[in-house]
Amino acid sequence: MELIKRLGLNKNEVGNNSHITVNTDICKTCVDKPCIKVCPAGTYEEDMENGISVHYERCLECGAALYACPFGALEFKYPEKGVSYIYG
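Read on for an overview of the structure. (Residues numbered from 1 in each chain as written. Predicted model: local features only at pLDDT ≥ 70, side-chain atom pairs only at ≥ 80, totals over all residues. Heavy atoms only, no water.)

**Re the pairing of strand β3 (residues 44–47)**
The side chains of a regular strand alternate between the sheet's two faces. Operational definition: One requirement defines pairing of two strands: DSSP has to find at least two bridges between them. Only DSSP runs of H or I with at least four residues qualify as helices, and only runs of E with at least two residues qualify as strands; both kinds are numbered from the N terminus onward.
Examined bridge by bridge, β3 and strand β4 (residues 51–54) share four bridges and lie antiparallel to one another. Following the sheet pairing, Glu45 is matched in β4 by Ser53. The turn joining β3 and β4, which pair antiparallel and follow one another in sequence, is formed by three residues.

**Considerations on the pattern of salt bridges**
Short version of the rule: Each reported salt bridge corresponds to a side-chain nitrogen of Lys or Arg within 4 Å of a carboxyl oxygen of Asp or Glu. A 1.4 Å probe rolled over the protein chains alone gives each residue an accessible area, and that area as a share of the maximum for its type sets the label: buried under 20%, exposed over 50%, partly exposed in between.
Taken as a whole and judged by the stated rule, the model has one salt bridge. Arg58 is the salt-bridge partner of Glu45, the closest N and O atoms lying 3.2 Å from each other. With Glu45 in strand β3 and Arg58 in the loop between β4 and α4 (64–68), the pair connects residues that are 13 residues apart, well separated along the chain. According to the relative accessible area criterion, Arg58 is partly exposed, its value standing at 34%.

**Observations regarding the side chain of Glu61**
The line we're drawing: Positive charges come from Lys and Arg, negative ones from Asp and Glu, while His and the chain ends are left out of the count. We call two N or O atoms a polar contact when they sit within 3.5 Å, provided that within protein one can donate a hydrogen and the other can accept it, with sequence-adjacent residues counted only if both atoms are side-chain atoms.
Within the element layout of this structure, Glu61 appears in the loop between β4 and α4. Buried within the structure, Glu61 lacks any salt-bridge partner; Lys77 is the closest side chain of opposite charge, at an N-O distance of 11 Å. Polar side-chain contacts of Glu61 include one of 3.0 Å to the side chain of His19.

**Digging into the nonpolar core**
Looking at soluble globular proteins, one finds that nonpolar side chains tend to be buried together. Definition in use: Only buried residues count toward a nonpolar core, which is a set of Ala, Val, Leu, Ile, Met, Phe, Trp, Tyr and Cys residues joined through side-chain atoms within 4.5 Å. In this description, contact between two residues means that some pair of their heavy atoms is separated by no more than 4.5 Å.
Judged by nonpolar contacts, Ile20, Cys27, Cys35, Cys39, Tyr44, Ile52, Tyr56, Cys59, Ala65, Cys69, Ala73 and Leu74 together constitute the single largest core of twelve residues. Leaving out residues up to four positions away in the same chain, Ala65 has contacts with Cys35, Val38, Tyr44 and Leu74.

**With respect to unusual backbone geometry**
Backbone geometry at Lys33 places phi at a positive 50 degrees, although glycine is not the residue there. Positionally, Lys33 belongs in the loop between α2 (24–29) and α3 (34–38). Even without being glycine, Glu61 reaches a positive phi, approximately 65 degrees. A residue is classified by how much of its surface remains accessible, and Glu61, at 13% relative accessible area, is buried.

**Here's the deal with the side chain of Thr43**
Within the fold, Thr43 resides in the loop between α3 and β3. Within polar-contact distance, the side chain of Thr43 engages the backbone nitrogen of Cys59 at 3.5 Å. Not counting residues up to four positions away in its chain, the partners in contact with Thr43 are Ile20, Ser53, Val54, His55, Tyr56, Arg58 and Cys59.

Listed below in C-alpha cells is the structure:
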C-alpha cells in the first residue's frame, strides 16, 4: 500500500491545543528548515514572519522533525486525547 494511503488510515484525536511548541526566534534564523523536509505529514510549513508554522492536527507523532532540528527549536508532548493508530 502506498504511503499516502497508509497515512490516511491513521486516526489521531489531538484536542484543541497544540502539543508541539516551537521557538520561533530560532526558526527565523534557520536557513535549511529540515523539519519541513523530513515531516511525512506536512505538519510544518515555512512562514516568512515566524520561520515556520505548525499544523499540529496533522502530526503523526513520528518524531522525525524533533531529530532533524539541529537547534532544538521544537518541543513535543503527547496530544491531550492520546494517540491511536490504524494501519492497513
